[in-house]
Amino acid sequence: MGKKLLLKNAHIEGIRYFETYRKHGGYEAAEKALKMKPEEILEEVKTSGLRGRGGAGFPTGMKWSFLAKPEGVPRHLVVNADESEPGTFKDRYLMEFLPHLLIEGMLISSYTLGSNTSYIYIRGEYSWIPDILEEAIEEAKAAGFLGKNILGTGFDLEIYVQRGAGAYICGEETALLESLEGRRGNPRLKPPFPAVKGLWERPTVVNNVESIAAVVPIIEIGGAEYAKIGVGRSTGTKLISACGNINKPGVYEIDMTITVEEFIYSDEYCGGIPNGKKLKACIPGGSSVPIVPANLLLKTINGEPRYMNYESLADGGFATGTMMGSGGFIVLDEDQCVVNHTMTLARFYNHESCGQCTPCREGTGWMYKILKKIEKGEGKMEDIDLLWDIQRKIEGNTICPLGDAAAWPVAAAIRHFRDEFEWHVNNPELSQTQNYGIANY
Ligand code: NAI
Ligand code: SF4
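Because the structure is predicted, anything quoted here is derived from the model rather than measured.

### Some words on a nonpolar patch on the surface
A cluster of nonpolar side chains, namely Phe58, Met62 and Phe66, defines an oily patch on the protein surface of about 290 Å² accessible area. Tracing the backbone through its elements, the reader meets Met62 in helix α4 (residues 60-65). Note on Met62: relative accessible area 39%, which makes it partly exposed.

So, in structure tokens, the structure goes:
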């Protein structure tokens, strides 16, 4: 049984409510933190090695230490709950079942950063969750953990929940800030980073829900103890939302020392693949990270087992590895068609592009059109090379990472599954009625 830090109490009935959460040790970490100096908490977070859980894996303590502190200018903490990456639903689980863990994490983090007004920006499609969060905020306020002069420390904190309107791009931190300010969610050029010029041009830390929740156990057990869990630079625990062709889809907390094979096949986690089917591939970090075929997923190029952590998943770079990303673990069995799957993703990115940069606005549309043509059996061999060329021209040439996120799945699909693209070109009639997976196994 893996170590549980975030979900250790998730099974307790009523843990969503303040009284039950408190009875099981809730807000004790906040009480401890409010007796510490902000610099001491920052040191604990740095020592813990916590890396941003939204996808980029940027060290949280380092991000906090970049926060500018100009005299007389308010600072803000903004929690990014715009969880829209296909295959990713771990933050939804945390907010729905453990809202006070997030609020407690926000209290500790806001105190550390000097934010008296903090925000949770939540995706519009999570329509039932803002009510849960707002109820938790009210409960925490009534108990003296939010509002004015919290626990007599002189520290004030208000938390507001802002609903998004359903755009994937608003999960990009600067688009989120634009949206929070009341404008269209167009990403800004970085630098300046939000830590220097964020919400209303004030210094702002934008952190993922899970990152902020993780601050609670870090204070509970101490940064050094937290850093002992996991391996290398993959410290602590990580939530993984698992879906696709597995027997037990759901949200799992792992300690990043288990292998990918164990995660997919053990009963503690995904419980294997239904109907005895073989594993074809997996996208381990949400739809934006490269798809990896089974042989490279279970072992690295050096024949070492591949582990569920930042370093091992990326081993070999984009040519053979992938990324931990947001922890949205999507499993494809032998019946799935990679061309069909890639086309679905291309349609998504094309739809979600904000349209500011030409390579992304035009390129995502072209990729979708070409993939649709190939998938329907109407493509030519040159189309595969054209597709490769287009994704190369998008990557690295855009304002925000959505361009890269659209390009990488296409690149990885062609790199590892070119035979499937060629099968569609060579079998136009079969392509109309069957997918590659079913026709070939
Ligand atoms: P990034 O690598 O550009 O930045 C990471 C964080 O570090 C940002 O908050 C940035 O402001 C900060 N940062 C980096 N360098 C800095 C510096 N020199 N000074 C101050 N701050 C600095 O990545 P980004 O754009 O935040 O996230 C991209 C990731 O988001 C992708 O890897 C993707 O996996 C993930 N993603 C997750 C989604 C979800 O639903 N969870 C949705 C879409 C993408
Ligand atoms: Fe908009 Fe795409 Fe450019 Fe990002 S990369 S700013 S989504 S056009």
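Moving on, there is more to tell.
### Section: the sheet that holds strand β10 (residues 292-293)
Read from one edge to the other, the open sheet built from five strands follows the order β8-β7-β11-β9-β10, with strand pairing classed as mixed. Where the open sheet ends on each side, the last strands, each with one partner, are β8 (250-254) and β10. Relative to strand β11 (residues 328-333), strand β9 (residues 279-283) is paired through four bridges, and the arrangement is antiparallel. Bridge pairing in β11 links Cys282 to Val331. Contacts between helix α5 (residues 90-97) and the sheet are confined to β7 (238-244) and β8, with β7 contributing the most and set at about 115° to the helix.

### A closer look at the site of ligand 1
Gly54, Lys63, Ser84, Glu85 and Glu173 are the nearest of the 16 residues found near ligand 1. Separating an oxygen atom of ligand 1 from a side-chain N or O atom of Lys63 is a distance of 2.7 Å. Between an oxygen atom of ligand 1 and a side-chain N or O atom of Glu173, the distance comes to 2.5 Å. Surface burial for ligand 1 is 73%, taken as the share of its 850 Å² of free accessible area covered by protein chains. Class assignment of the residues belonging to the shell around ligand 1 gives a composition of seven nonpolar, four polar and five charged.

### Comments concerning the packing of helix α6 (residues 99-113) against helix α9 (residues 209-221)
At a minimum axis distance of 8 Å, the contact between α6 and α9 shows a crossing angle of 75°. By the angle between their directions, the pair α6 and α9 is classed as roughly perpendicular. Each of Leu101, Leu102, Glu104, Gly105, Met106, Ile108 and Ser109 in α6 lies in contact with α9, whose residues at this interface are Val209, Ile212, Ala213, Val215, Val216 and Ile219.

### What about the side chain of Ser288?
With respect to the secondary-structure elements, Ser288 resides in the loop between β9 and β10. Of the polar contacts made by the side chain of Ser288, one reaches the side chain of Glu85; its length is 2.6 Å. In terms of polar contacts, Ser288 uses its side chain to reach the side chain of Tyr349, at 2.9 Å. Not counting residues up to four positions away in its chain, the partners in contact with Ser288 are Glu85, Tyr168, Tyr349, Ala405, Trp408 and Pro409.

### Here's the deal with the sheet that holds strand β1 (residues 75-81)
Taken in spatial order, the four strands line up as β3-β2-β1-β4 in an open sheet, and their pairing is parallel. For this open sheet the edge positions go to β3 (158-163) and β4 (204-208), each flanked by a neighbour on one side alone. If you compare each strand with its neighbour and ignore which way they point, the axes differ by 20° on average. Two strands pair when backbone bridges link them, and β1 and β4 are joined in this way by five bridges, in the parallel orientation. The partner of Asn80 across the bridge, within β4, is Asn208. The sheet strands contacting α9 are β1 and β4, and the helix crosses β4 at an angle near 90°.

### Regarding the packing of aromatic side chains
For the structure shown, the criterion picks out 18 aromatic pairs. Judged by centre distance (6.3 Å) and plane angle (45°), the rings of Phe58 and Phe66 are tilted. In textbook terms, an aromatic cluster arises when at least three aromatic residues are bridged by ring pairs, as seen for Phe18, Tyr21, Tyr27 and Phe145. If you follow Arg123 out to its NZ or CZ, it ends over the ring of Tyr126, 5.1 Å from the centre. If you follow Lys369 out to its NZ or CZ, it ends over the ring of Trp366, 4.8 Å from the centre.

### Quick look at helix α7 (residues 129-142)
Its 14 residues give α7 an end-to-end C-alpha distance of 20 Å, which sits within 8% of 20 Å, the value for a rise of 1.5 Å per residue. Within the sequence span of α7, burial applies to Ile129, Pro130, Ile132, Leu133, Ala136, Ile137 and Ala140. The buried residues of α7 occupy an angular sector of 160° when projected down its axis, which confines them to one face. Of the surrounding elements, those touching the buried residues of α7 are α1 (18-23), α5, α6, β2 (115-122) and β3. Looking one or two places after α7, you find Gly144, whose phi comes out positive at around 85°.

### Examining the environment of Tyr436
Locating Tyr436 in the fold gives a position in helix α20 (residues 436-440). Accessibility expressed as a relative area gives 10% for Tyr436, which makes it buried. Distance from Tyr436 to Asp419, taken between C-alpha atoms, is 9.5 Å for residues 17 residues apart in sequence.

### Some thoughts on the pairing of β9
Side chains on a regular strand alternate between the two faces of the sheet. Burial runs high along β9: five of the five residues are buried. Here β9 pairs with β10 via two bridges, running antiparallel. Along β10, the bridge assignment pairs Ala281 with Pro293.

### Details of the confidence of the model for the chain
Scored by pLDDT, the chain has a mean of 96; 100% of the residues are at 70 or more. Among the prediction metrics, the complex's ipTM stands at 0.96, with pTM recorded as 0.97.

Reading the values: the criteria
- Residues numbered from 1 in each chain as written.
- Chains lettered and ligands numbered in written order.
- Predicted model: local features only at pLDDT ≥ 70, side-chain atom pairs only at ≥ 80, totals over all residues.
- Heavy atoms only, no water.
- Patch = residues over 30% accessible without salt bridge, like charges linked within 9 Å, V, L, I, M, F, W, Y side chains within 5 Å.
- Areas by Shrake-Rupley, 256 points an atom, 1.4 Å probe, with all protein chains shown as cover.
- Salt bridge = Lys/Arg side-chain N within 4 Å of Asp/Glu carboxyl O.
- Helix = DSSP H or I, 4+ residues; strand = E, 2+ residues; numbered from the N terminus.
- Buried < 20%, exposed > 50% of the residue type's maximum accessible area, 1.4 Å probe, protein only.
- Pairing = 2+ DSSP bridges.
- Contact = heavy atoms within 4.5 Å.
- Axes fitted to C-alpha atoms, helices over the stretch in contact; angles between N-to-C directions.
- Near = heavy atom within 4 Å.
- Polar contact = N/O pair within 3.5 Å; in protein donor to acceptor, adjacent residues only side chain to side chain.
- Nonpolar A, V, L, I, M, F, W, Y, C, P; charged D, E, K, R; others polar.
- Parallel < 35°, antiparallel > 145°, perpendicular 65-115°, else oblique.
- Phe/Tyr/Trp six-rings, centres within 6.5 Å; stacked < 30°, edge-to-face > 60°.
- Lys NZ or Arg CZ within 6 Å of the ring centre and 35° of its normal.
- Expected span 1.5 Å × (residues − 1).
- Arc of directions from axis to C-beta.
- pLDDT = per-residue confidence, 0-100.

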